[in-house]
Amino acid sequence: MAPQERTPCCDDSRQSGDIDKPSIDNFNKSESTNVTDKRKATDFDDLLPYIGEFGLYQKILFLLMIPFAFFVAFVYFSQIFMTIVPEQHWCWIPELANLTVEERRALAIPAKIGGQFSHDRCQMYSTNWSLALAQGRTTPDDEWPIVPCVTWEYNRTDVPYETIASQLDWVCDKDNLAATAQAIFFCGAIVGGLVFGWIADKYGRIPALVGTNMMGFAAGVGTAFCHSFWSFVLCRFFVGLAFDNCFTMMYILVLEYVGPKWRTFVANMSIAIFFTFGASILPWLALWAGDWRRYALGISLPFIFAAATPWVVPESARWLLSQGKVDKALIIMKKFERINKRQIPDKILNEFTEASQQALKDSEAQKTYSVLDIFKTPRLRRNAILLIIIWMGISLVFDGHVRNVGSLGLDIFMTFTVATATEFPADTFLTLVLDRWGRRWLACGSMVISGIFSLLATTVPVGGPSASLAILGRFAINISYNIGLQYAAELLPTVVRAQGVALIHIMGYVASILAPFVVYLATISPELPLLILGVLGIFGGFLCLLLPETMDTELPQTLADGEEFGKDQRFWDNPCFPRKKEIPVQRLEAPQESFVRPLPGIGSRASIRASIRLSARSKRNDNIS
């Protein structure tokens, strides 16, 4: 699917996927080409037109993203199907093993009038069962004492295989253990982001990519041999170390090697197709495996193929350049030349080599900034705090919808697949409209719509109606999620952009730790999780309107730019109904050398995350040197 020409509802002169728009208007494609031809090759993007922006080698790398997209889906969602518990469960009484299920429940389990279940799931009658059977009793005596269950038996109609939760009886007073295990997984994700981020900075993207996937392999296989809650959560913590990075590192590599006009396509379609498909097949893999241990092994063993990555995927040329390894970067570009059957002129290579060496020297003399700098001035501080709160809300609502599928009253396997499939239309829709409708109103609208559908789901009968509305809420929050980090990356100044977005990303993980406990509230009332998700969605959506719009703007570079950014905007401004502006003459007559190359166009949460991490790691490398 090739990038489509834009026909926006409003004045939109941006290239598909651009983030930083040049300050010269009416900059069309032919003019862009002329500028590229006339000016010197000063950065890595200048080489891409000579080797092909999406040639054969880039297409091969794009397809090589498939296993890594599957791996991150397996890491993120697999625990749901290891820890689900059949809804129908009751006390197991060994002395009554020879009776039928109905006879056991009628004799030993207290009945419940009203509610979702006709019997008590956590208590039983206590008596001399041998004597009761000898007397031929088929109903309980009202004078028998009621005691808590010791062990349970399960109706496996809805979950037809053994999970660790049913094996270890994580029900009744232990039904919070599954949520606790998921929260510990996200704690591992926070640590993993820091550890493998450092490895990527220090030793390169390929070692980090291999290392994070090998961690997922080892901890995933170890999960299959757990026999207690503590051994399980320890393994899930280490699996959490692999979360995100097992795909994002590959994402960085591929995104770097395609031209700007293809980056939006690569960014969105890899998520929309590969990630969505990998997540959608997970429940069916669990059913096919028929046991949680075989399931854990089956989804973890494929990670071993990541060990072959160094032989099939090139190292990040941008990372090599940041380390001063220009010769190694050029060797990789020669490989692109050979496979794509293109050639970079010697003059361009010489110019690029000189510019890269000079850029490395200049970076060593630059002033360093801390993430704390974004909190030192009032407008920038307000925007940063708003971004953190909004992103935490988006993360919590998104993850809450992901994990709440078991409370919707339908088959969890089919409901999960349908809800996950909403990622495809959400990503595709966003690719088409994000650079036409803007970030501010689209983020607000999608969050509010998600909240409204979530609240409506609590007003209809449990089952098909509530599930349909909840899935529509999931679709809307998918759009918000994809906007979130891109919005932050465009709004924060360049000098602290990487660190600021990294902080927001980590705060999203913190919010995700709470999501399993929000879903756990369904044990009190099935409506509670959706009520909370709905209120958070609407509240977060309206907060988005307090941020300035970033579409078709020259993004802030310095802290001073960040403080002034958006001061000329009004609350009701909308990109589809722009105010008329007079364009200063000096901007139309800007000299050619004032052109600033835009950042890679990015249209999904994974792509912006990848690019920002890349920027952050390069910045830290400069500081170290």
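Residues numbered from 1 in each chain as written. Predicted model: local features only at pLDDT ≥ 70, side-chain atom pairs only at ≥ 80, totals over all residues. Heavy atoms only, no water.

### Re the overall build of the protein chain
A tally of helices and strands in the protein chain yields 27 helices and four strands. Split into buried and exposed, the 625 residues of the protein chain put 55% on the buried side. The long-range fraction of contacts in the protein chain, counting pairs at least 24 apart against all pairs at least 6 apart in sequence, stands at 81%. Accessible surface, the protein chain: about 26800 Å² in total, of which carbon and sulfur atoms supply 63%. (Helix = DSSP H or I, 4+ residues; strand = E, 2+ residues; numbered from the N terminus. Buried < 20%, exposed > 50% of the residue type's maximum accessible area, 1.4 Å probe, protein only. Contact = heavy atoms within 4.5 Å. Areas by Shrake-Rupley, 256 points an atom, 1.4 Å probe, with all protein chains shown as cover.)

### What about helix α16 (residues 326–340)?
Along its 15 residues, α16 runs 21 Å from first to last C-alpha, staying within 8% of the 21 Å computed at 1.5 Å per residue. Those residues of α16 that sit buried are Val326, Ala329, Leu330, Ile332, Met333, Phe336, Glu337 and Asn340. Projected down its long axis, α16 shows its buried positions confined to an angular sector of 155°, all on one face. Away from the buried face of α16 by more than 90 degrees, exposed residues Asp327, Ile331 and Arg338 are located. (Expected span 1.5 Å × (residues − 1). Arc of directions from axis to C-beta.)

### Some details on the side chain of Asp169
Topologically, Asp169 is positioned in the loop between α6 (164–167) and α7 (177–203). Within the buried core, Asp169 has no salt-bridge partner, and the shortest N-O distance to an opposite charge, that of Lys174, equals 7.0 Å. In this structure Asp169 touches Thr151, Trp152, Tyr154 and Lys174, once residues within four positions along its chain are discounted. (Lys, Arg positive; Asp, Glu negative; His and termini not counted. Salt bridge = Lys/Arg side-chain N within 4 Å of Asp/Glu carboxyl O.)

### Quick look at the nonpolar core
The biggest cluster of nonpolar side chains holds 146 residues, and the ones touching the most others in it are Met65, Phe77, Phe81, Phe232, Phe243 and Val266. With 17 residues, the single largest contributor to this core is helix α3 (residues 56–83). Those residues in contact with Phe77, other than ones at most four positions away along the chain, are Phe275, Ala279, Leu282, Val402 and Phe416. Among the nonpolar cores identified, the runner-up in size contains 17 residues, and Cys91, Ile93, Val171 and Cys172 belong to it. (Core = buried A, V, L, I, M, F, W, Y, C linked by side-chain atoms within 4.5 Å.)

### Side note on the state of the cysteines
Among covalent bonds in proteins, the disulfide is the one between the sulfur atoms of two cysteines. Tallied over the full model, the rule gives two disulfides. The side chain of Cys91 participates in a disulfide bridge whose partner is Cys149; the two sulfur atoms lie 1.5 Å from each other. Looking down the S-S bond of the Cys91 and Cys149 bridge, the torsion is -65°, so its handedness is left-handed. Of the two residues, Cys91 is situated in strand β1 (residues 89–91) and Cys149 in the loop between β3 (146–148) and β4 (152–154); the sequence distance between them amounts to 58 residues. Per residue, the accessibility class of Cys91 equals that of Cys149, and both read buried. (Disulfide = S-S within 2.5 Å.)

### Looking at a nonpolar patch on the surface
Together, Trp284, Met414 and Val418 line one region of the surface with nonpolar side chains, adding up to about 260 Å² of accessible area. Within the fold, Trp284 resides in helix α12 (residues 282–289). Relative accessible area serves as the criterion here: at 35%, Trp284 is assigned to the partly exposed category. (Patch = residues over 30% accessible without salt bridge, like charges linked within 9 Å, V, L, I, M, F, W, Y side chains within 5 Å.)

### Quick word on the side chain of Thr163
By the secondary structure assignment, Thr163 is in the loop between β4 and α6. Among the polar contacts made by the side chain of Thr163, one reaches the main-chain carbonyl oxygen of Ile84 at a distance of 2.8 Å. When neighbours within four sequence positions are excluded, Thr163 is seen to be in contact with Phe81, Met82, Thr83, Ile84 and Trp292. (Polar contact = N/O pair within 3.5 Å; in protein donor to acceptor, adjacent residues only side chain to side chain.)

### Notes on the packing of aromatic side chains
All told, the structure shown has 33 aromatic pairs when counted by the stated rule. Residues Phe54 and Phe62 carry aromatic rings whose centres are separated by 6.3 Å and whose planes lie at 70° to one another, so their mutual orientation is edge-to-face. Comparing Phe54 with Phe62, the two get one shared label, buried. Ring geometry for Tyr161 versus Phe413: centroids 6.2 Å apart, planes at 55°, classification tilted. With a gap of 252 residues between them, Tyr161 in the loop between β4 and α6 and Phe413 in helix α19 (residues 412–421) connect regions that are remote in the sequence. (Phe/Tyr/Trp six-rings, centres within 6.5 Å; stacked < 30°, edge-to-face > 60°.)

### Topic: unusual backbone geometry
Even without being a glycine, Cys172 presents a positive backbone phi close to 55°. Backbone geometry places Asp244, a non-glycine residue, at a positive phi of 80°. Within the secondary structure, Asp244 is located in the loop between α9 (229–242) and α10 (245–256).

### Here we look at the pattern of salt bridges
Across all of its chains, the model carries five salt bridges by this definition. One salt bridge in this structure joins Glu153 and Arg104, with 2.9 Å as the shortest N-O distance. Of this pair, Glu153 sits in strand β4 while Arg104 is found in helix α4 (residues 101–108), placing the two residues 49 residues apart along the sequence. Glu153 sits in the buried class, given a relative accessible area of 11%. Between Glu337 and Lys334 there is a salt bridge, and its shortest N-O distance comes to 3.4 Å. Separated by three residues within a single helix, Glu337 and Lys334 lie in helix α16, roughly one turn from each other.

### Concerning α3
The end-to-end C-alpha distance of α3 is 43 Å, a good match for the 40 Å that 28 residues give at a rise of 1.5 Å each. Along its length, α3 reaches its greatest deviation from straightness, about 40°, at Phe77. Among the 28 residues of α3, 21 are classified as buried, and the element is accordingly described as predominantly covered. (Bend = angle between axes of the 7 residues up to and from the residue.)

### Looking at the packing of helix α21 (residues 440–457) against helix α24 (residues 527–544)
Between α21 and α24, the least distance of the axes is 7 Å, while the angle of their chain directions is 160°. As the angle between them shows, α21 and α24 are arranged roughly antiparallel. Note that α21 runs across α24; the crossing there is left-handed. Mapping the contact onto sequence places Arg440, Ala443, Cys444, Met447, Val448, Gly451, Ile452, Ser454, Leu455 and Ala457 in α21 and Leu530, Leu531, Leu533, Gly534, Val535, Leu536, Gly537, Ile538, Gly540, Gly541, Phe542 and Cys544 in α24. Its residues assigned to classes, the contact of α21 with α24 shows 15 nonpolar, six polar and one charged. (Axes fitted to C-alpha atoms, helices over the stretch in contact; angles between N-to-C directions. Parallel < 35°, antiparallel > 145°, perpendicular 65-115°, else oblique. Left-handed = near helix turned anticlockwise from the far one by under 90°. Nonpolar A, V, L, I, M, F, W, Y, C, P; charged D, E, K, R; others polar.)

### Let's talk about the packing of helix α8 (residues 205–223) against α10
Two quantities define a packed helix pair, namely the angle between the helix axes and the distance between the axes. At a minimum axis distance of 8 Å, the contact between α8 and α10 shows a crossing angle of 155°. Classified by the angle between their axes, α8 and α10 sit roughly antiparallel to one another. Here α8 and α10 pass one another in a crossing that is left-handed. For the pair α8 and α10, contact is made by Arg205, Ile206, Ala208, Leu209, Thr212 and Asn213 and by Asn245, Cys246, Met249, Met250, Ile252 and Leu253, respectively.

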